[in-house]
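# Observations on the three-dimensional arrangement
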Amino acid sequence: MAVGVRLAMVALVVAGLCAGLVASSGAPPAQDPPTNDVCLTCHGDPGATSAAGRSVAVDETRFGGSVHGSMAMACVDCHTDLAATEDFPHAERLARVSCSTCHSDAVAAYDLSSHALARRQDTASVAATCVDCHTAHEIRPAADPESTTYALNLPTTCSRCHGSADVIAAGRIAIGNVGAAYADSIHGRAISRSGLVVAATCTSCHGAHDIRPGSDPGSRVHRANIPSVCGACHEGIERVYETGAHGVGVTSGIAQAAVCADCHTAHDIQRAEAPAWQLDVIAECGTCHTDQIRTYRDTFHGQVTSLGYTRVATCASCHGSHAIFASDDPRSMISSTRLLTTCQQCHTEATEGFTGYDPHADKHNRERNPELYWASRAMTWLLVGTFGFFGLHTLLWLPRSALARREKRRARAAAPETTADPEA
């Protein structure tokens, strides 16, 4: 016990000597950084503005409920250039806050994004930064309903830029107002009208921080990656799609193979049951299958759909929608073993002979449809011959007709004039 007391006394003496040395050296005592209360002396005023008239007010309650406030972080933890200042009010312009001090992974991902790329170019003034999405002093977790990145709020947050004509023009955003397109889509209506937080939002497809252009192979919306991104929600459809010709094509690296966005579009996705979409998607099929859409439009099915009716067969009616296979594949809806069943979906009384109908008959293809080819040629020559004959007949008749009119006028001129006798 005596030894412990002696050690404690020695420690006090040493501490006193050290304090005396510091005092004798004339070094100023360490300056404590300003507390949040000091900052809020000015910034807690709702009407606080900078010299340029920009609001610099901080709502103490809102900040206290934020992620940073709940962690008891100090203002100077972010505004580090004020940590050692003694002059208040401080300078008008402060050093830019670096979120990477704490959020290095998120900032590293952001540096690879389209937003960061735009900031390094001449569209920096409108490219989104951390505070544009998360705000500055009221940052809340994405699971918080009051957060700007909460599922129900995120479309509005993104639309502040991607729904603004000024930002779209200044940033030269080629795809236009995607905010309005998304709002009218099945996903957007599920969020705004039904309140479904499980519906796809911007980050579901594009990611949160590493949003990259579609041309980047690392982008979530690069063509090769779209099926898996959509499949994160539509898992059952993705499994079916992967077995079909399009899915196999994507897996094989065929860049032209159709992906989800080719048929359903990217932002203004509509319900597949909507008649307008069922008619529009026919044209989408035709962007790749040009010969098939041309011959389809020549048929009864194609001509009726051109008039705006959906009660006749469309591409998906015969080929399927996601699990599309080649005609020689037994799994195909148009294979020899399944074709009659496919036709009977509409033509319930169809027999085996009914399947002889060619829904893509081509009058220009002699190998595929020889009878139709020669019938078309015969009809063409019949029409040419008929109109040619009557056209020639008309041309030959014109001189005779002109001569007859001239003789009629002469006869009229040569006839004696008759005058009526008043006494008759």
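About the criteria used
- Residues numbered from 1 in each chain as written.
- Predicted model: local features only at pLDDT ≥ 70, side-chain atom pairs only at ≥ 80, totals over all residues.
- Heavy atoms only, no water.
- Helix = DSSP H or I, 4+ residues; strand = E, 2+ residues; numbered from the N terminus.
- Buried < 20%, exposed > 50% of the residue type's maximum accessible area, 1.4 Å probe, protein only.
- Polar contact = N/O pair within 3.5 Å; in protein donor to acceptor, adjacent residues only side chain to side chain.
- Disulfide = S-S within 2.5 Å.
- Patch = residues over 30% accessible without salt bridge, like charges linked within 9 Å, V, L, I, M, F, W, Y side chains within 5 Å.
- Areas by Shrake-Rupley, 256 points an atom, 1.4 Å probe, with all protein chains shown as cover.
- Salt bridge = Lys/Arg side-chain N within 4 Å of Asp/Glu carboxyl O.
- Lys, Arg positive; Asp, Glu negative; His and termini not counted.
- Charge placed at Lys NZ, Arg CZ, Asp CG, Glu CD.
- Arc of directions from axis to C-beta.
- Contact = heavy atoms within 4.5 Å.
- Expected span 1.5 Å × (residues − 1).
- Bend = angle between axes of the 7 residues up to and from the residue.
- pLDDT = per-residue confidence, 0-100.
- Phe/Tyr/Trp six-rings, centres within 6.5 Å; stacked < 30°, edge-to-face > 60°.
- Core = buried A, V, L, I, M, F, W, Y, C linked by side-chain atoms within 4.5 Å.

Locating Arg189 in the fold gives a position in helix H12 (residues 186-192). Overall, the relative accessible area of 18% leaves Arg189 in the buried class. A distance of 2.3 Å separates a polar side-chain atom of Arg189 from the backbone oxygen of Asp184.

On to the state of the cysteines, then. This structure, assessed with the given rule, holds 0 disulfides. As a non-bridged cysteine, Cys233 has Cys205 as the owner of its nearest cysteine sulfur, 7.5 Å distant. In this structure Cys233 comes out as exposed when scored by relative accessible area, which is 51%.

On the surface, a cluster of positive charge is made up of Arg405, Arg406, Lys408, Arg409, Arg410 and Arg412. By the element assignment, Arg406 lies in helix H23 (residues 370-414).

Another aspect to go through is helix H9 (residues 154-162). Residues separated by three or four positions in an α-helix point in the same direction, a consequence of the helix having 3.6 residues per turn. Listed as buried for H9 are Leu154, Pro155 and Thr157. The buried residues of H9 occupy an angular sector of 160 degrees when the element is viewed end-on, so they sit on one face. Packed against the buried residues of H9 are helix H8 (130-134), helix H11 (178-183), H12 and helix H13 (202-206).

Here the focus is unusual backbone geometry. With an omega dihedral of -5 degrees, the bond running from Phe88 to Pro89 counts as a cis peptide bond. Note that Pro89 resides in the loop between helix H5 (75-78) and helix H6 (104-110). We note that Ala72 has phi near 55 degrees; this positive angle belongs to a residue other than glycine. As for its position among the elements, Ala72 is in the loop between helix H4 (67-70) and H5. A positive phi is found at Thr265, a non-glycine position, where the angle reads about 70 degrees.

Quick look at H23 now. Taking 1.5 Å per residue, 45 residues should reach 66 Å; H23 reaches 66 Å between its end C-alpha atoms and fits that length. Maximum bend of H23: about 30 degrees, positioned at Leu398, with proline Pro399 one to four residues after it. Burial in H23 covers these residues: Tyr373, Ser376 and Ser401.

Moving on, we get to the environment of Val197. Within the secondary structure, Val197 sits in the loop between H12 and H13. Val197 gets classed as partly exposed once you look at its relative accessible area, which sits at 40%. Taking the C-alpha atoms as reference, Val197 lies 5.6 Å from Ala151; in sequence the two are 46 residues apart. Excluding its chain neighbours within four sequence positions, the residues that come into contact with Val197 are Tyr150, Ala151 and Leu152.

What follows deals with the pattern of salt bridges. The final tally for this structure, using the stated rule, is 12 salt bridges. Arg140 is the partner of Asp144 in a salt bridge, and the nearest nitrogen-oxygen pair spans 3.3 Å. For Asp144, a relative accessible area of 19% translates into the label buried. Take Arg140: its relative accessible area is 14%, and that puts it in the buried class. In this structure, the salt-bridge partner of Arg368 is Asp358, at a minimum N-O distance of 2.8 Å. Taken as a pair, Arg368 in the loop between helix H22 (339-343) and H23 and Asp358 in the loop between H22 and H23 lie far apart in primary sequence, 10 residues in all.

If you trace the backbone, Thr355 turns up in the loop between H22 and H23. A relative accessible area of 18% means that Thr355 is categorised as buried. At 2.5 Å, the side chain of Thr355 forms a polar contact with the backbone oxygen of Glu352. For Thr355, the contacting residues outside a window of four places in its chain are Leu339, Leu340 and Cys343.

Let's shift gears to the confidence of the model for the protein. Across the protein, the average pLDDT comes to 88, with 90% of residues at 70 or higher. When the criterion is pLDDT under 50, residues 1-25 qualifies, and its contacts beyond four places in sequence or with other chains add up to 1 contact.

What follows concerns the packing of aromatic side chains. Applying the stated criterion across every chain, the model contains 2 aromatic pairs. Judged by centre distance (5.1 Å) and plane angle (85 degrees), the rings of Tyr373 and Trp374 are edge-to-face. Owing to a relative accessible area of 13%, Tyr373 belongs among the buried residues under this scheme. With a centroid separation of 5.2 Å and an interplanar angle of 80 degrees, the aromatic rings of Phe389 and Phe390 are classed as edge-to-face. Of the two residues, Phe389 and Phe390, both sit in the exposed class.

Attention now moves to the nonpolar core. Nonpolar side chains in soluble globular proteins generally cluster together in the buried interior. Grouped together as the largest cluster of nonpolar side chains are 6 residues: Ile226, Tyr241, Val250, Ala257, Val259 and Cys260. Excluding residues within four positions of it along the chain, Val250 makes contact with Ala224, Pro227, Tyr241, Ala257, Ala258 and Val259.

Here we come to the environment of Glu138. The residue Glu138 is located in the loop between H8 and H9 in this model. Taking the C-alpha atoms as reference points, Glu138 and Ser114, 24 residues apart in sequence, are found 25 Å from one another. A distance of 3.3 Å separates polar atoms of two side chains, one belonging to Glu138 and the other to Arg62.

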